[in-house]
Amino acid sequence: MIYQPNILGLTLSFTIAAIALFLAPFFPVGAVVIAILLGILIGNSVALKDTFTPGINYAQKSILAFAIALMGIDLDFSILIQLGNKTLVLIVLGMVLTIGTAIVLGRIFKIDTKLALLLGIGNGVCGSSAIGATAPIIKANKDFIALSVAVVNLLGTIGIFLVPFLAILFGLDHIDAGILVGNTLQAVGQVTAGGFSISDSAGISATAVKMGRVLLLTPLVFILIFLFHREKKELESGAKIPLFIIFFILFSLLSSFSLVNESTKELISTLSHLSLVVAMSAIGLSIHFS
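Just so it is clear, the structure is predicted and the values come from calculations on it, not from any experiment. (Residues numbered from 1 in each chain as written. Predicted model: local features only at pLDDT ≥ 70, side-chain atom pairs only at ≥ 80, totals over all residues. Heavy atoms only, no water.)

Asks: Would you take a moment to explain unusual backbone geometry for this structure?
Replies: Note: most residues except glycine have negative phi, and most peptide bonds are trans. Unusually for a residue other than glycine, lysine 139 sits at a positive phi of about 60°. Residue lysine 139 is classed as exposed on the basis of its relative accessible area of 54%. For serine 258, which is not glycine, the phi torsion reads 55° and is therefore positive. The class for serine 258 is exposed, based on a relative accessible area of 60%. (Buried < 20%, exposed > 50% of the residue type's maximum accessible area, 1.4 Å probe, protein only.)

This is the structure in structure tokens:
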């Protein structure tokens, strides 16, 4: 429930989110990144009173969980059948290699394992959404969430221009070029822009592969729950899967079995995105340069 002490922080978070959504069409990084950056800017330039804190905390926890729960509506597992075995193998190998490389590089450069993991997940699966969905499971702090979202989106923005150029440079046909784009860039918008900049067939191929990567978020969530919640005490009492993850899986099943119509699915997806932008605004507000 939203109690009166939460009003100020929530109002500020919603206002920043609204500004981010307004600015998003003019920048390639998207509303989520803009919301975090605006939150950081405001949080570090304005001395917010303690009365804002409860609402900001509510937004970055409860509203984030709500966004993740609804996020499952965008997962339609029937897409996996359409991709074919070879492409599926490439997608899985790409995700495993990306996350594994991030962890190894994190150890080499002495970066916290949870931050390295979020960077790998963001790049390997589906960007901000994957980071938001897995951060509570691995108990990553808000600084790691903001840093990983910013870095992953920056790399994806560069990739919009770089990956299609490399595909053409290496002489890939349009289908293979689309597979490369779809299996490399992290956001759907970036994949669409990169793929269709080559050709229509490359764009369609890239989008299909990207959807396949997004679907891997569900098994990844189960793997992380097992890895991070298998302590003896939790096993004895029964490891508790967060409620928002249960709803995340439920919504993905509703989508996969076509139990919701397209208009309802689009409404839920939009509500999830808007909630995620609000939550990221709050996370930005609670990060300080010091």
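Asks: Would you take a moment to explain the environment of leucine 88 for this structure?
Replies: Tracing the chain through its elements places leucine 88 in helix 5 (residues 85-108). For leucine 88, a relative accessible area of 24% corresponds to the partly exposed category. Remark: the alpha-carbon pair of leucine 88 and leucine 276, spanning 188 residues in sequence, is separated by 28 Å. (Helix = DSSP H or I, 4+ residues; strand = E, 2+ residues; numbered from the N terminus.)

Asks: In this structure, what is going on with the side chain of lysine 265? I would like to understand it.
Replies: Its location among the elements puts lysine 265 in helix 14 (residues 262-285). The side chain of lysine 265 is buried and forms no salt bridge, while glutamate 262, the nearest opposite charge, is found at 4.5 Å. Those residues in contact with lysine 265 that sit more than four places away from it in its chain are Ile73, Asp76, Ser255 and Val260. (Lys, Arg positive; Asp, Glu negative; His and termini not counted. Salt bridge = Lys/Arg side-chain N within 4 Å of Asp/Glu carboxyl O. Contact = heavy atoms within 4.5 Å.)

Asks: What's the story with the layout of surface pockets in this structure? I'm lost.
Replies: Rolled over the atoms, a probe with the dimensions of a water molecule shows which regions are left empty. As a volume, the largest pocket reaches approximately 690 Å³. The element best represented in the lining of the largest pocket is helix 14, accounting for 4 residues. Here the lining of the largest pocket is composed, by residue class, of 14 nonpolar, 10 polar and 2 charged. There is about 300 Å³ of room inside the second largest pocket. Lining the second largest pocket are 19 residues, and of these Thr98, Asn123, Asn183, Thr184 and Leu185 sit closest to its centre. Among the secondary structure elements, those contributing two or more residues to the lining of the second largest pocket are helix 5, helix 6 (113-138) and helix 7 (142-169). Ranked by the residues each element gives to the lining of the second largest pocket, the list is headed by helix 7, at 7 residues. (1 Å grid on protein atoms, 1.4 Å probe; cavity = no way out; pocket = protein on both sides within 12 Å on 5 of 7 lines; lining within 4 Å. Points joined across faces, edges and corners; volume = space filled by probe spheres on them. Nonpolar A, V, L, I, M, F, W, Y, C, P; charged D, E, K, R; others polar.)

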